[in-house]
Amino acid sequence: MPDSEGFDEFYRGSRQRLLGFVYVLTGNLAEAQDAVQEAYIRAWQRWPTVRGYDDPEAWLRVVASRIAVSRWRSLRSRARAYLRHGAEESVPAPSTETLEVVAALRRLPEAQRTAIALHYLLGMPVAEVARETEAPVGTVKARLSRGRAALAGLLTVVDLEEEEAADA
């Protein structure tokens, strides 16, 4: 296991400089943060070796800049492929019914919404949903029952509102 205390001190002492360096290279803060995070992961994995270098921060700068350049090359390759082959066919927009169900699901409590999604959308058995959510099987059954009832009420309200709008 790597020496976490030495690594923590190294991280605290170098993170801002490294982020600033990679940000200047990429011009994009999110990309710089991703590259720096990946570089620190690699440093942590090799910490017993890296800490023995004359300048571990220099090694980290090289790794982070290579990661950033590699991502830039990947984006450039994708852009070239896009120009060569054109845009991907567009995905059709979700149906009105799908939007209504999603809107109704958003109005449910998170626990009910999660149970319904795991059970009905992913097809997980109740026992597996219970394990995943760390809830008793009876609780999951109750959440599913209450969630179905609430959805039925919410979707009926939506249907009635649409009928009233159409009649007007």
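So, here's what we can say about the structure. (Residues numbered from 1 in each chain as written. Predicted model: local features only at pLDDT ≥ 70, side-chain atom pairs only at ≥ 80, totals over all residues. Heavy atoms only, no water.)

1. Points about the overall build of the protein
For the record, the criterion: A run of H or I in DSSP counts as a helix once it spans at least four residues, and a run of E counts as a strand once it spans at least two, with each numbered from the N terminus. Exposure is judged per residue with a 1.4 Å probe applied to protein chains only, and the accessible area is read against the type maximum: over 50% gives exposed, under 20% gives buried, and values in between give partly exposed. Note on contacts: a residue pair qualifies if any of its non-hydrogen atoms lie within 4.5 Å across the two residues. Here, Shrake-Rupley sampling with a 1.4 Å probe gives the accessible areas, and only protein chains in the shown set may cover a residue.
Across its full length, the protein carries 8 helices and 0 strands. In sequence order, the secondary structure elements of the protein are arranged as α-α-α-α-α-α-α-α. A burial count over the protein gives 24% of its 168 residues as buried. A separation of at least 24 residues holds for 60% of the contacts in the protein among residues at least 6 apart in sequence. Split by element, the accessible area of the protein, about 12,000 Å² in all, is 53% carbon and sulfur.

2. Some points on a positive patch on the surface
Applicable threshold: Within the patch definition used here, like charges are joined within 9 Å and nonpolar side chains (Val, Leu, Ile, Met, Phe, Trp, Tyr) within 5 Å, considering only residues with over 30% relative accessible area and no salt bridge. Any carboxyl oxygen of Asp or Glu within 4 Å of a side-chain nitrogen of Lys or Arg constitutes a salt bridge here. Note that His is not counted, nor are the chain ends; the positive residues are Lys and Arg, and the negative ones are Asp and Glu. Note on charges: their place is set at NZ of Lys, CZ of Arg, CG of Asp or CD of Glu.
Residues Arg73, Arg76, Arg80 and Arg84 make up a contiguous surface patch of positive charge. Mapped onto the elements, arginine 76 comes out in helix 4 (residues 56–85). Judged by its relative accessible area of 33%, arginine 76 is partly exposed.

3. Observations regarding the pattern of salt bridges
A complete count under the given rule lists 4 salt bridges for this structure. The residue glutamate 57 makes a salt bridge to arginine 61 at a minimum N-O spacing of 3.7 Å. Taken together, the residues span about one helical turn, with glutamate 57 and arginine 61 both in helix 4 at a distance of 4 residues. Among the residues examined, arginine 61 registers a relative accessible area of 29% and is labelled partly exposed.

4. Observations concerning the packing of aromatic side chains
Heads up, the condition is: Aromatic contacts are taken between Phe, Tyr and Trp rings whose centres are within 6.5 Å, Trp giving its six-membered ring; a plane angle under 30 degrees counts as stacked, one over 60 as edge-to-face, and the others as tilted.
Applying the stated criterion across every chain, the model contains 8 aromatic pairs. Measuring from centroid to centroid gives 6.3 Å for phenylalanine 7 and tyrosine 40, while their planes differ by 85°, and the two rings are edge-to-face. In this pair, phenylalanine 7 sits in helix 1 (residues 4–26) while tyrosine 40 sits in helix 2 (residues 29–45), placing the two residues 33 residues apart along the sequence. Each member of the pair, phenylalanine 7 as well as tyrosine 40, is classed as buried. Ring centres of tyrosine 11 and tyrosine 40 lie 4.8 Å apart, and the angle between their planes is 75°; on these two criteria the pair is classed as edge-to-face. Placement of tyrosine 11 in helix 1 and of tyrosine 40 in helix 2 is noted, with a sequence separation of 29 residues between them.

5. Here we look at the nonpolar core
Threshold: By nonpolar core is meant a set of buried Ala, Val, Leu, Ile, Met, Phe, Trp, Tyr and Cys residues that side-chain atoms within 4.5 Å join together.
Of all hydrophobic cores here, the largest spans 18 residues; its most connected members are Leu18, Val22, Tyr40 and Leu60. Looking at this core, the elements that each hand over two or more residues are helix 1, helix 2, helix 3 (47–50) and helix 4. Of all the elements, helix 2 adds the most residues to this core, at 6 residues. When near neighbours in sequence (up to four residues on either side) are disregarded, valine 22 contacts Ala32, Ala35, Val36, Ala64 and Ala68. Of all hydrophobic cores here, the second largest spans 15 residues; its members include Ala104, Ala115, Met124 and Leu144.

6. Structural notes on a nonpolar patch on the surface
On the surface, Tyr120, Leu121 and Leu122 cluster together into a nonpolar patch covering about 370 Å² of accessible area. Relative to the helices and strands, leucine 121 resides in helix 6 (residues 110–121). Among the residues examined, leucine 121 registers a relative accessible area of 66% and is labelled exposed.

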